[in-house]
Amino acid sequence: LNGLEQIKANILSIKSEGLLQDKAVSVRNGWRLDNPHKHEKLAFLKAYLDYLLMSIVKFYKLPSDINYDMASWLNLHESGGFNVMHHHGESLVSGVIYISAPDGSGEIKFKDPRPAINYLKRPLGPVGSKQEQIRKNRTLFPAGQIGQKPKDGLCIVFPSWLEHFVEPSEAHSPDNP
């Protein structure tokens, strides 16, 4: 097995042991494990998270002699599973690593923190006009949020105060959450 497949197998093993719990914090129709980086079966994941954290500390020239506390959780979505809008404002940085993202997995969406984005003046014009085409262009005028389609191995790091959610999964395979 490659690294991601081994981590996934270990996660499913942890789930079969009954250690994953639905704490109803932000996950719906899914399961959550608090602090998986402390679990012996996920030591490889812990090493990767440590590497990411030290890379961020180095990039931002933060003190390296501080013991940065890590909090993590693992979400396992089943068919229809999603995460409600939330943030991690008490943290330095947040991130997500997709161990497995079958076709139909829900996108992660980030809410634009600028309240005025909803009132952005867009060019007006009649139906079919150049102005209407420009106004409907989501790249030029985003609708207050952006999304990222998940894929195996994708890692996204973002400011902890940034509100985000995960759309419902349309992956309908109980054996491949």
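Everything below is about the structure shown above.
Bear in mind that the values here come from a model prediction, so they are computed numbers and not experimental data.

1. A closer look at the overall build of the chain
When its secondary structure is counted, the chain shows three helices and seven strands. Listing each helix as α and each strand as β along the chain from the N terminus yields α-β-α-β-β-β-α-β-β-β. Classification of the 177 residues of the chain by burial places 32% in the buried group. Partitioning the contacts of the chain with sequence separation of at least 6, the portion at a separation of at least 24 is 78%. Accessible surface, the chain: about 11400 Å² in total, of which carbon and sulfur atoms supply 55%.

2. Focus: the nonpolar core
Judged by nonpolar contacts, the single largest core of 15 residues is most densely connected at Ile7, Ile11, Leu20, Leu42, Leu45 and Leu74. If you list the elements that add at least two residues to this core, you get helix 1 (3-16), helix 2 (43-59) and strand 2 (73-86). If one sorts the elements of this core by residue count, helix 2 sits on top with five residues. For Leu45, the residues in contact, after removing those within four places along its chain, are Ile7, Ile97 and Ile99. Within the second largest apolar cluster, ten residues are counted, among which are Val96, Phe110, Phe158 and Val166.

3. Considerations on unusual backbone geometry
Even without glycine at this site, Asn35 takes up a positive phi of about 50 degrees. Looking at the element boundaries, Asn35 is found in the loop between strand 1 (27-34) and helix 2. Judged by relative accessible area, Asn35 falls into the partly exposed class, the value being 25%. The backbone phi angle of Lys61 is positive, close to 55 degrees, even though this residue is not glycine. Its location among the elements puts Lys61 in the loop between helix 2 and strand 2.

4. A closer look at helix 2
Helix length check: helix 2 (17 residues) gives 24 Å between terminal C-alpha atoms against 24 Å at 1.5 Å per residue, within 8%. Buried within helix 2 we find Leu45, Leu49, Leu52, Leu53, Ile56 and Val57. Across the axial projection of helix 2, the buried residues extend over an arc of 135 degrees, all falling on one side. Residues of helix 2 that are exposed and point over 90 degrees away from its buried face: Phe44, Tyr51 and Lys58. Taken together, the buried residues of helix 2 touch helix 1, strand 3 (93-97) and strand 6 (155-159). Taken from the residues just after helix 2, Lys61 is the one with a positive phi, measuring 55 degrees.

Conventions we followed
Residues numbered from 1 in each chain as written. Predicted model: local features only at pLDDT ≥ 70, side-chain atom pairs only at ≥ 80, totals over all residues. Heavy atoms only, no water. Helix = DSSP H or I, 4+ residues; strand = E, 2+ residues; numbered from the N terminus. Buried < 20%, exposed > 50% of the residue type's maximum accessible area, 1.4 Å probe, protein only. Contact = heavy atoms within 4.5 Å. Areas by Shrake-Rupley, 256 points an atom, 1.4 Å probe, with all protein chains shown as cover. Core = buried A, V, L, I, M, F, W, Y, C linked by side-chain atoms within 4.5 Å. Expected span 1.5 Å × (residues − 1). Arc of directions from axis to C-beta.

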